[in-house]
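Structural features, examined
The primary structure of each chain is shown beneath.
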Amino acid sequence: KTEEDYQLYFKRAVCYYGLQNFDAALKDVNVVIEKYPQPQAKLLRAYINQELEDYEAQLADLNELIALSPNNPELIQWRASVLMESGKYDEAQKDIRYLLAYESTPQLKSLLGLTYYYQSNPDSALIIFDEVIKEDPDFMQTYLYATSLCLDEEAYPLALQYINKGLALDPANPTLEFYKGIALVETDQEKEACRSLTKAFNAGIDDVADYLKQYCY
């Protein structure tokens with residue numbers, strides 16, 4: 001088999017990937033990489049393993065690709081997300097801080113806050129979330145992260161503060177209405193809670209149903 005023959009395997013792997021037949025795509029691209037371990041094939045394999053949720057296989061290829069292109073922000077951000085999904089928060093923090101040194105965005109900074117949240121360090125996470133809200137108050141995702149953290153920590157009055165700030169920017173946000181309903185229930189404000197829970201349910205948040213049955217009907 002010539003290198004040209006192996007390119008046919010690669011092209012078929014791309015087709016299988018497009019058809020979401022990821023096992024067949026992986027089989028073909030592995031044939032190529034075994035003989036011709038080119039970056040293009042390893043990048044395709046990383047995409048395939050992303051769909052298969054094989055974090056370790058993704059990281060192996062991403063590490064090799066980043067070694068070849070150490071300043072590629074897209075690859076580093078991809079690796080950071082895989083590290084987070086696989087629970088390797090210390091390593092994810094290193095990648096995120098590296099990216100923040102070049103460009104500080106609310107998405108990246110909020111992601112850094114999440115790493116502390118998942119490390120059971122809520123105080124550090126909230127400090128970062130507060131910084132993001134101060135610098136980029138229109139970035140809605142931070143309010144959702146901060147509220148979720150507060151609910152997990154049973155800090156319901158603080159959760160309501162983040163919720164109300166978020167709803168001031170996006171009054172129709174169904175997730176914040178759901179969170180508001182939970183926080184109000186936990187602070188014995190059931191009448192107001194039912195209003196928020198009903199809004200969230202009507203907006204399509206199905207998880208609200210159990211709360212409505214328990215507290216409102």
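Structure first, text after, so check above.
The model shown is predicted, which means the values in this text are computed figures rather than measured ones.

Here we look at the layout of surface pockets
As a volume, the largest pocket reaches approximately 190 Å³. What lines the largest pocket is simply Asn71, Pro73, Glu74, Gln77, Tyr98, Leu99, Tyr102, Glu103 and Leu108. Where the lining of the largest pocket is concerned, the elements lending two or more residues are helix H5 (73–85) and helix H6 (89–102). Class assignment of the residues belonging to the lining of the largest pocket gives a composition of 5 nonpolar, 2 polar and 2 charged.

Some points on unusual backbone geometry
Across the chain, the bulk of peptide bonds are trans and the bulk of non-glycine residues have phi less than zero. Of note, Ser120 is a non-glycine position whose phi angle comes to about 60°, a positive value. Here Ser120 shows up in the loop between helix H7 (106–118) and helix H8 (122–135). By relative accessible area, Ser120 is classed as exposed at 66%. Here Glu154, not a glycine, exhibits a phi torsion of approximately 60°, which is positive. Its place among the elements puts Glu154 in the loop between helix H9 (140–152) and helix H10 (156–169).

Looking at the pattern of salt bridges
All told, the structure shown has 9 salt bridges when counted by the stated rule. Note that Glu135 and Lys109 form a salt bridge whose closest N and O atoms lie 3.3 Å from each other. Placement of Glu135 in helix H8 and of Lys109 in helix H7 is noted, with a sequence separation of 26 residues between them. On the accessibility criterion, Glu135 (47% relative accessible area) is partly exposed. Residue classification places Lys109 among the buried residues on the basis of a relative accessible area of 15%. Between Lys199 and Glu177 there is a salt bridge whose closest N-O contact spans 3.9 Å. One end of the pair, Lys199, is in helix H12 (residues 190–202); the other, Glu177, is in helix H11 (residues 174–186), with 22 residues separating them in the sequence. Because the salt bridges share partners, they merge into one network encompassing Lys109, Glu131 and Glu135.

Remarks on the environment of Ile33
Examined against the element boundaries, Ile33 turns out to sit in helix H2 (residues 22–35). As for Ile33 and Leu43, which are separated by 10 residues in sequence, their C-alpha atoms are 11 Å apart. If we ignore the near neighbours within four places in the chain, the residues touching Ile33 are Ala41, Lys42 and Arg45.

Comments concerning H6
With 14 residues, H6 extends 20 Å between its outermost C-alpha atoms, agreeing within 8% with the 20 Å of an ideal straight helix rising 1.5 Å per residue. Restricting attention to buried positions, one finds in H6 the residues Tyr89, Ala92, Gln93, Asp95, Ile96, Leu99 and Leu100. Looking down the long axis of H6, one finds its buried residues gathered within 170° of arc, a one-sided arrangement. Exposed and facing more than 90 degrees away from the buried side of H6 are Asp90, Lys94, Ala101 and Tyr102. Elements in contact with the buried residues of H6: H5 and H7.

Digging into the state of the cysteines
Inspection of the entire model under this criterion finds 1 disulfide. Between Cys194 and Cys216 runs a disulfide, and the two sulfur atoms are separated by 2.1 Å. Between Cys194 and Cys216 the sulfur-sulfur dihedral comes to about -100°; the bridge is accordingly left-handed. Placement of Cys194 in helix H12 and of Cys216 in the segment after helix H13 (208–215) is noted, with a sequence separation of 22 residues between them. Here Cys194 falls in the buried class, since its relative accessible area comes to 16%.

Criteria and thresholds
- Residues numbered from 1 in each chain as written.
- Predicted model: local features only at pLDDT ≥ 70, side-chain atom pairs only at ≥ 80, totals over all residues.
- Heavy atoms only, no water.
- 1 Å grid on protein atoms, 1.4 Å probe; cavity = no way out; pocket = protein on both sides within 12 Å on 5 of 7 lines; lining within 4 Å.
- Points joined across faces, edges and corners; volume = space filled by probe spheres on them.
- Helix = DSSP H or I, 4+ residues; strand = E, 2+ residues; numbered from the N terminus.
- Nonpolar A, V, L, I, M, F, W, Y, C, P; charged D, E, K, R; others polar.
- Buried < 20%, exposed > 50% of the residue type's maximum accessible area, 1.4 Å probe, protein only.
- Salt bridge = Lys/Arg side-chain N within 4 Å of Asp/Glu carboxyl O.
- Contact = heavy atoms within 4.5 Å.
- Expected span 1.5 Å × (residues − 1).
- Arc of directions from axis to C-beta.
- Disulfide = S-S within 2.5 Å.

Geometric values such as these leave the question of function open.
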